[in-house]
Amino acid sequence: MPQLRTPPWPVLTRYDRNNLGKIALPLGGIGTGTVSLGGRGDLRDWEIVNRPAKGFSPKNAFFALWAKPQGGAAVARALEGPLESWQYEGGFGSAVPNHSLPRFRNCSFEAAYPLGQVLLSDPDVPVNVRLQAFNPLIPTDADASGMPVAILRFILTNKTNKPLTVAVCGSLENFIGSDGSNGKPAGNVNEIHEDADLCGIAMRSAGVKPDSEQYGTIVLTTTATKGVTYRTAWSKLSWGNSLLDFWDDFSADGALDNRDAGGVDNPTASLAVRAKLAPREQTAITFILAWHFPNRQTWTPKKKPEDGAQPCCADGSCDRVGNYYATVYGDAWDAAEEAAQKLAQLEAQTVAFVRTFCESDLPPVVKEAALYNLSTLRSQSCFRTEDGRFFAWEGCGDKAGCCHGSCTHVWNYEHATPFLFGALSRSMREIEFAHSTRDDGHMSFRVNLPLERSKEWGLAAADGQMGCLMKLYRDWQLSGDERMLAQLWPKAKKALEFCWIEGGWDADQDGVMEGCQHNTMDVEYYGPNGQMCGWYLGALRACEEMARHVKDGAFAEKCRGLFEKGSRWVDKNLFNGEYYEQKIWPPKKSAESQADSGTAASLSTQNSALSTGYDIAPGLRHESMGARDLENPEMQLGAACLIDQLVGQYTAHVCGLGYLLDPKHVKATLRSIMKHNFKSDLYAHFNHLRSFALCEESAMLMATYPKGRRPKFPFPYCNEVMTGFEYTAAVHMLQEGLLADGLKTIAAIRARYDGRKRSPFDEAECGHHYGRAMASWAAVLALTGFQYSGVKEAISFAAAKKAQRWFWSNGDAWGTFEQRPKGKTLLAKLTVAGGTLKLRRIELTGFGVAHLHPLTLEAGQSVGVEIKRG
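So, a few notes on the structure that sits alongside this text. Just so it is clear, the structure is predicted and the values come from calculations on it, not from any experiment. (Residues numbered from 1 in each chain as written. Predicted model: local features only at pLDDT ≥ 70, side-chain atom pairs only at ≥ 80, totals over all residues. Heavy atoms only, no water.)

## A closer look at the environment of glutamate 432
Alright, step 1. Within the secondary structure layout, glutamate 432 lies in helix 8 (residues 422-435).
Alright, step 2. Setting aside its immediate chain neighbours within four residues, glutamate 432 contacts Thr408, Thr437, Met443, Cys468 and Lys471. (Helix = DSSP H or I, 4+ residues; strand = E, 2+ residues; numbered from the N terminus. Contact = heavy atoms within 4.5 Å.)

Put into structure tokens, the structure is as follows:
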């Protein structure tokens with residue numbers, strides 16, 4: 001076995017013995033599902049079969065160590081740390097998987113996502129073990145970052161002065177046919193398979209139907225070429241003797257003898273690698289887990305007609321959307337083989353990204369919040385259909401996705417996807433405008449699948465639709481993709497004009513949203529408020545800029561006029577001296593209703609409860625959410641100091657669109673949010689819905705009513721805490737220079753996700769791995785001042801007062817930016833580490849500009865400039 005040559009991995013956070021119980025670091029690619037590395041070295045939450053599966057662990061899924069000193073007694077241990085005290089109890093003993101195995105006494109965890117390391121030691125074991133687990137995460141490369149694999153490397157260090165013989169063994173049940181909640185194995189088969197790069201066990205099924213959602217393949221492999229033994233099945237014995245037989249076999253000599261399972265539907269496979277270690281020597285044994293489950297189903301299955309007739313396709317294939325990764329790889333072995341062949345390169349690129357990011361001159365808590373929430377992209381919250389398009393739930397329940405449709409008003413908040421994987425973000429814009437927007441500009445804020453059914457949801461969200469316009473501007477600027485703008489602009493223009501229809505959000509075209517505004521609080525607002533008006537003002541500015549670019553001057557001027565008028569009105573009428581309030585204006589009676597006051601409001605399934613008795617356009621009001629009494633609508637904001645009342649301004653800053661409202665009012669509002677909504681503990685706090693923060697924890701509340709006048713029944717989430725909203729407010733504070741408040745808010749969030757109470761890699765809202773939490777990435781943009789325009793081929797950063805080195809990415813390239821003050825000049829160096837960057841100008845905001853001859857920088861290339869003040 002060769003000496004270890006892998007360089008040490010970067011570490012951002014260390015978790016001690018007391019902070020391991022809730023750690024679950026997802027391992028897997030974008031759109032592939034994951035298996036999670038637990039804080040004590042266990043593998044948990046096997047979510048690889050097209051759906052969430054929190055708590056699901058196949059039988060006998062563990063790794064074990066055998067070690068024998070020369071002339072001494074052998075020891076065998078599960079490669080896991082001690083259990084938590086709360087895991088001891090159960091009606092029939094501990095219910096934790098593999099609870100009965102001997103294990104290491106000491107354990108800690110180190111992380112810099114996607115790199116997770118478990119450190120194991122025990123005075124009775126002659127080797128120390130460092131488990132390194134990861135899968136590729138390379139900015140701009142969604143395919144390399146979308147491999148259905150988990151790589152586990154066990155680094156063994158002989159801590160004695162004696163030679164050792166050691167072995168590491170991985171075991172896994174062939175559970176094909178089950179996804180953790182549905183189905184069961186049938187006729188599953190394990191087979192040994194070897195080629196030039198891998199030796200391992202391929203798992204398939206001879207009994208699960210090939211069109212089943214649970215059908216697929218799994219492999220457990222090693223890159224070792226010597227000292228490999230295996231079992232394709234454990235003995236079929238009773239009373240726990242199958243495990244006893246395995247343990248006796250492995251612990252005797254660190255090698256395995258094969259067994260005949262005798263027709264077991266879910267045979268357990270084991271793969272062992274044995275090696276020798278000289279005194280104080282270190283070596284590594286690498287395993288690769290891979291999977292391939294091609295039959296992802298739609299999140300909106302077609303229902304059978306009430307008359308009992310067959311749906312559009314009798315075999316149900318109309319509900320299959322498939323997985324992109326399953327078109328790239330023929331099966332799980334194919335994926336493992338490519339991972340093995342490219343392992344050195346994939347690891348080097350991943351480590352380079354993580355190291356570059358971690359070494360950036362940014363507060364550690366900002367780096368942790370930004371980096372660790374990227375795990376959401378790898379979770380079952382996100383997937384890619386066979387055509388490569390990117391879709392997302394809002395989050396994940398324990399057994400199913402939560403809130404389908406790439407929900408526009410939730411995914412408005414996050415800026416990680418566009419700045420790291422631009423092509424995936426642009427595919428979302430294509431879906432929103434080319435597929436989900438009708439000819440009249442109505443955009444379904446949830447997309448049904450397959451795409452020919454994309455508009456079936458039939459409801460538009462005011463914040464979702466306006467945010468999509470801002471995101472289109474952002475993605476066009478980041479990429480410089482003129483073809484995308486040309487293709488999507490006609491529908492984007494219609495989407496803004498939809499605000500002005502009769503009964504719409506701004507039917508009187510005064511630049512102020514006051515109509516029936518369905519939004520991310522899952523209710524409709526009636527009357528103007530900072531939250532919705534901010535989104536609208538941002539959309540007007542974005543459309544103004546896009547219209548000017550496509551030479552639609554008249555439309556650009558109209559957008560500008562409405563923006564200026566609306567901005568003045570909001571500052572004059574909604575700012576109460578501390579923050580922006582809502583004016584609750586019940587909808588007007590429609591002309592039809594006034595003509596016949598006895599007409600009851602009818603409900604339209606197609607238009608989601610259009611109230612025909614009021615001046616509300618079809619497709620704006622939800623059937624079951626929001627106010628039922630439109631004469632005196634409940635579930636409004638009213639005088640609330642709302643956590644994200646300035647979300648439009650936060651997004652405008654990310655997009656480089658400037659101020660939407662009076663800068664003095666904006667900063668005063670953020671100070672008010674911090675003053676009234678941030679709580680140092682929650683012992684005295686009442687909350688009538690979900691609790692994502694409790695007792696001694698610090699958090700920023702969704703809303704408070706410092707001036708009183710709280711509606712009897714305000715919007716439903718007013719007393720909650722949700723991290724995506726907290727990040728939005730915190731990042732905006734950073735954007736406005738309120739650094740202490742912004743960092744305090746982010747630190748409070750991350751303190752709650754400390755490994756003891758919650759997993760650091762799973763910020764929940766409406767489900768695990770919630771998309772909105774990736775708003776945390778915008779903190780990196782705020783502190784570095786990063787902007788890029790692919791249209792102008794210009795990049796900009798904040799001017800630093802001392803030497804700084806920052807990470808940057810625009811979705812199609814990434815690298816570092818270094819600057820060093822020197823008198824009245826700043827020396828700057830821009831390096832591209834991955835992707836391709838076109839560049840004509842480097843600007844240090846508020847300091848100066850360096851104009852360049854047009855450059856195209858590839859990975860490994862740099863440009864240095866001296867920028868003079870002014």
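So, next bit.
## Side note on the packing of aromatic side chains
Alright, step 1. Inspection of every chain in the model, using the stated rule, returns 40 aromatic pairs.
Alright, step 2. Aromatic pair tryptophan 234 and phenylalanine 246: ring centres 4.6 Å apart, planes at 15°, arrangement stacked. Placement of the pair is tryptophan 234 in the loop between strand 15 (228-231) and helix 1 (241-253) and phenylalanine 246 in helix 1, with a sequence separation of 12 residues.
Alright, step 3. Residue tryptophan 234 is classed as buried on the basis of its relative accessible area, which comes to 5%.
Alright, step 4. For phenylalanine 246, a relative accessible area of 0% translates into the label buried.
Alright, step 5. Ring plane angle 80° and centroid distance 6.0 Å describe the contact between tryptophan 569 and tryptophan 585, whose orientation is recorded as edge-to-face. Pair noted here: tryptophan 569 is in helix 12 (residues 553-573) and tryptophan 585 is in the loop between helix 12 and helix 13 (591-595), with a separation of 16 residues, a long-range link.
Alright, step 6. On the accessibility criterion, tryptophan 569 (23% relative accessible area) is partly exposed.
Alright, step 7. An aromatic cluster is built from Phe419, Phe786, Phe797, Trp806, Trp808 and Phe817, whose rings are joined through pairwise contacts.
Alright, step 8. Its end group placed over the ring of tyrosine 753, arginine 758 keeps NZ or CZ at 5.6 Å from the ring centre. (Phe/Tyr/Trp six-rings, centres within 6.5 Å; stacked < 30°, edge-to-face > 60°. Buried < 20%, exposed > 50% of the residue type's maximum accessible area, 1.4 Å probe, protein only. Lys NZ or Arg CZ within 6 Å of the ring centre and 35° of its normal.)

## Some thoughts on helix 15 (residues 663-677)
Alright, step 1. An ideal rise of 1.5 Å per residue puts 21 Å on 15 residues; helix 15 measures up with 21 Å between its terminal C-alpha atoms.
Alright, step 2. Within helix 15, burial applies to His665, Val666, Thr669, Leu670, Ser672, Ile673, Met674, His676 and Asn677.
Alright, step 3. Measuring from the side-chain oxygen of the N-cap residue of helix 15 to the backbone nitrogen of lysine 664 gives 2.8 Å; that N-cap residue is aspartate 662. (Expected span 1.5 Å × (residues − 1). Polar contact = N/O pair within 3.5 Å; in protein donor to acceptor, adjacent residues only side chain to side chain.)

## What to know about the layout of surface pockets
Alright, step 1. If you add up the space inside the largest pocket, you get close to 1300 Å³.
Alright, step 2. Lining the largest pocket are 46 residues; nearest its centre among them are Gly785, Phe786, Gln787, Ser796 and Thr845.
Alright, step 3. Tallied by class, the residues present in the lining of the largest pocket amount to 25 nonpolar, 12 polar and nine charged. (1 Å grid on protein atoms, 1.4 Å probe; cavity = no way out; pocket = protein on both sides within 12 Å on 5 of 7 lines; lining within 4 Å. Points joined across faces, edges and corners; volume = space filled by probe spheres on them. Nonpolar A, V, L, I, M, F, W, Y, C, P; charged D, E, K, R; others polar.)

## Digging into the sheet that holds strand 3 (residues 34-38)
Picture the strands of a sheet paired through backbone hydrogen bonds; they go either parallel or antiparallel.
Alright, step 1. Spatially, the three strands line up as an open sheet ordered 2-3-4, and their pairing is antiparallel. The sheet is open, and its two edges are formed by strand 2 (24-27) and strand 4 (43-47), each paired on a single side. Between one strand axis and the next, the sheet turns through 25° on average, direction left out of account.
Alright, step 2. Bridging between strand 2 and strand 3 involves four bridges; their strand directions are antiparallel. Each bridged residue has a counterpart across the sheet, and for alanine 24 the counterpart in strand 3 is glycine 38. (Pairing = 2+ DSSP bridges. Axes fitted to C-alpha atoms, helices over the stretch in contact; angles between N-to-C directions.)

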